[in-house]
Amino acid sequence: MSFEKVVIFNCGKEEYAVPVGQVVSIEKLSHITPIPHLPKYLLGFARVRGELIPVIDFNRILYNQTSLGDLSRMVVLNTDIVNYGLVVDEAKEILNLTENEIKQVGLVNYSKTRYFTAVANLEDRMIACVDPKILVNSLDGIREIIEYLHKLLEDENNQVNS
């Protein structure tokens with residue numbers, strides 16, 4: 001996982017980063033369709049540029065709070081498992097990091113924070129680096145949600161073709 005060029009975003013009072021190569025887009029929060037009885041971290045589904053994606057609230061995962069302020073954004077991430085929207089308090093900037101600034105973390109051994117794979121240690125700030133694939137894989141119930149999403153897409157394709 002390369003964290004040399006990253007998108008920086010805020011959740012709570014902290015800064016986080018994801019590799020720019022996995023960011024499809026950064027969107028204002030638009031219509032998210034809630035689905036009853038989903039895990040609390042999942043706000044629902046949204047259609048972004050014609051694609052139906054699950055929308056995950058990163059603040060809910062980290063702090064059990066909601067990220068629905070005026071500056072909130074949805075960072076659309078691409079993984080080989082599923083594309084998904086990660087709702088954050090604010091998307092701030094794109095940053096180039098050097099190898100010397102990126103430190104691997106020992107927290108990957110702790111099952112609840114495995115997705116924090118490195119820390120960018122800058123002169124006046126520290127930024128936790130998040131691996132989008134490990135994050136989505138670590139969520140309880142995500143397999144069932146992805147299966148549900150695939151079923152929705154299949155049904156949608158069948159309606160279009162009939």
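Residues numbered from 1 in each chain as written. Predicted model: local features only at pLDDT ≥ 70, side-chain atom pairs only at ≥ 80, totals over all residues. Heavy atoms only, no water.

Enquirer: So what about the sheet that holds strand β4 (residues 42–48)? Which residues, and what values?
Expert: Sheet strands line up and pair through hydrogen bonds in the backbone, either parallel or antiparallel. Here five strands make up an open sheet; going across it, the order is β3-β6-β7-β5-β4 and the pairing mixed. The open sheet has two edge strands with one neighbour each: β3 (23–28) and β4. Going across the sheet, the axis of each strand differs from the next one's by a mean of 30 degrees, ignoring polarity. Inspection of the sheet shows β3 paired to strand β6 (residues 73–77) by five bridges, in the antiparallel sense. The partner of Lys28 across the bridge, within β6, is Arg73. (Pairing = 2+ DSSP bridges. Helix = DSSP H or I, 4+ residues; strand = E, 2+ residues; numbered from the N terminus. Axes fitted to C-alpha atoms, helices over the stretch in contact; angles between N-to-C directions.)

Enquirer: With reference to specific residues and values, describe the side chain of Glu15.
Expert: Residue placement: Glu15 occurs in strand β2 (residues 14–19). According to the relative accessible area criterion, Glu15 is buried, its value standing at 11%. Only 2.9 Å separates the side chain of Glu15 from the side chain of Arg125, close enough to count as a polar contact. Those residues in contact with Glu15, other than ones at most four positions away along the chain, are Ile8, Phe9, Asn10, Lys92, Glu93, Arg125, Met126, Ile127 and Ala128. (Buried < 20%, exposed > 50% of the residue type's maximum accessible area, 1.4 Å probe, protein only. Polar contact = N/O pair within 3.5 Å; in protein donor to acceptor, adjacent residues only side chain to side chain. Contact = heavy atoms within 4.5 Å.)

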